[in-house]
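Single-letter residue listing:
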Amino acid sequence: MAKRSYNSKLIRIKGIKANKNPLNSKVEIRTSLRIPLKRGIASCILMNPSTADSIDSDDTINSVTEYIHKNIPEIHWIRFYNLYPFYEPRSPKIYNLIHNLTPLEYSTAMDSNRLEIKKSLESTTHLFLGYGQCSGDSNDKARYYDIETVKLLNMIEKKYKNDIFVFETSQSNKILIKNKYPRHPNPNNEHFAINHHKCHIKNGLIILN
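Anyway, here's the lowdown on the structure attached to this text. (Residues numbered from 1 in each chain as written. Predicted model: local features only at pLDDT ≥ 70, side-chain atom pairs only at ≥ 80, totals over all residues. Heavy atoms only, no water.)

Put simply, the largest pocket is a space of about 790 Å³. Residue lining of the largest pocket: 32 residues in total, with Met47, Thr60, Ser91, His184 and Asn186 positioned closest to the centre. Counting residues per element, the ones that place at least two in the lining of the largest pocket are helix H1 (59–71) and strand E4 (75–82). Sorting elements by how many residues they give to the lining of the largest pocket places H1 first, with three residues. Space inside the second largest pocket adds up to approximately 360 Å³. (1 Å grid on protein atoms, 1.4 Å probe; cavity = no way out; pocket = protein on both sides within 12 Å on 5 of 7 lines; lining within 4 Å. Points joined across faces, edges and corners; volume = space filled by probe spheres on them. Helix = DSSP H or I, 4+ residues; strand = E, 2+ residues; numbered from the N terminus.)

Shown next as structure tokens:
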């Protein structure tokens, strides 16, 4: 029988596992064949890491995971990224952390973080923006937060073509903060995501569909 190729549109080719072994010099056996289907992959871009790693979670990761599992069953994989890659449980303190970095340390970390997000966009089917609005000194906000959000949105606008969503939370009936910033899905551990809305990015701005 002629050999056939796997359909790469439906299957994650690199994840195929065949338990195939020789029985003797003439006979091979295959006891199992695992074919991982391509399903939805969600990438969530939040503010910055709190405490979660490969062993321990945190409130935000648990909250978003529960929300997506409950409301979007076609997603089989969630990847979390952040506007800032720096561990800091209290986001208002992120500027203090940045001030203690050299300019080279900061730019290297941010460039590497943005590259990691860029690489993920090709395989992402559902992109969630939930980095909120970082409070703090207005000069710091202009020098860091606003610049980084523009860089991020411009990259997404240029490189990503699938669905983009923002969260609606129990904090406010306004979907975007100041008609500009996506809401964090678990602000201050006091509120939570109650819905999600499709949007797109145009000229570096989030536009609700």
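So, about empty space enclosed by the protein. All told, the structure shown has one cavity of 30 Å³ or more when counted by the stated rule. Of the pockets and cavities examined, the largest cavity occupies roughly 60 Å³. Lining the largest cavity are Asn82, Leu83, Met110, Asn113, Arg114, Ile117, Glu148 and Leu152. Among the secondary structure elements, those contributing two or more residues to the lining of the largest cavity are helix H3 (103–121) and helix H4 (138–159).

For H3, built from 19 residues, the straight-helix expectation of 27 Å at 1.5 Å per residue is met to within 8% by its first-to-last C-alpha distance of 27 Å. Within H3 the residues assigned to the buried category are Tyr106, Met110, Asn113, Arg114, Ile117, Ser120 and Leu121. Viewed along the axis of H3, the buried residues span an arc of 115°, placing them on a single side of the element. Turned more than 90 degrees from where H3 packs its buried face, Leu104 and Lys119 sit exposed. In this structure, the buried side of H3 is in contact with strand E3 (40–46), E4, helix H2 (94–99), strand E5 (126–129) and H4. (Expected span 1.5 Å × (residues − 1). Buried < 20%, exposed > 50% of the residue type's maximum accessible area, 1.4 Å probe, protein only. Arc of directions from axis to C-beta. Contact = heavy atoms within 4.5 Å.)

So, about the sheet that holds strand E6 (residues 163–169). One open sheet accounts for six strands, arranged E4-E3-E5-E6-E9-E10; its pairing is mixed. Each having just a single partner strand, E4 and strand E10 (205–208) make up the two edges of the open sheet. Across this sheet, the average inter-strand angle for adjacent strands is 35°, counted without regard to direction. Inspection of the sheet shows E3 paired to E4 by seven bridges, in the parallel sense. Looking across to E4, one finds that Ile45 is bridged to Tyr81. Strands E3, E5, E6, strand E9 (193–202) and E10 of the sheet are contacted by H4, whose axis makes an angle of about 75° with E9. (Pairing = 2+ DSSP bridges. Axes fitted to C-alpha atoms, helices over the stretch in contact; angles between N-to-C directions.)

Burial within strand E2 (residues 28–34) is sparse, with just zero of its seven residues counted as buried. Taking the residues between adjacent antiparallel strands as the criterion, strand E1 (residues 17–22) and E2 are bridged by five residues.

The next subject is the environment of Pro49. Mapped onto the secondary structure, Pro49 falls in the loop between E3 and H1. Overall, Pro49 belongs to the buried group, its relative accessible area being 15%. Each C-alpha atom of the pair Pro49 and Ile13 lies 31 Å from the other, and the pair is 36 residues apart in sequence. Apart from the residues lying within four places of it in its own chain, the contact partners of Pro49 are Asn82, Tyr84, Pro85, Phe86, Tyr87 and Glu88.

Before going further, it helps to spend a moment on the pattern of salt bridges. This structure, assessed with the given rule, holds six salt bridges. In this structure, the salt-bridge partner of Lys198 is Asp163, at a minimum N-O distance of 3.5 Å. Here the residue Lys198 occupies a position in strand E9, and Asp163 occupies one in strand E6, the gap between them amounting to 35 residues. Several salt bridges converge on common partners, so that one network encompasses Asp111, Arg114 and Glu148. (Salt bridge = Lys/Arg side-chain N within 4 Å of Asp/Glu carboxyl O.)

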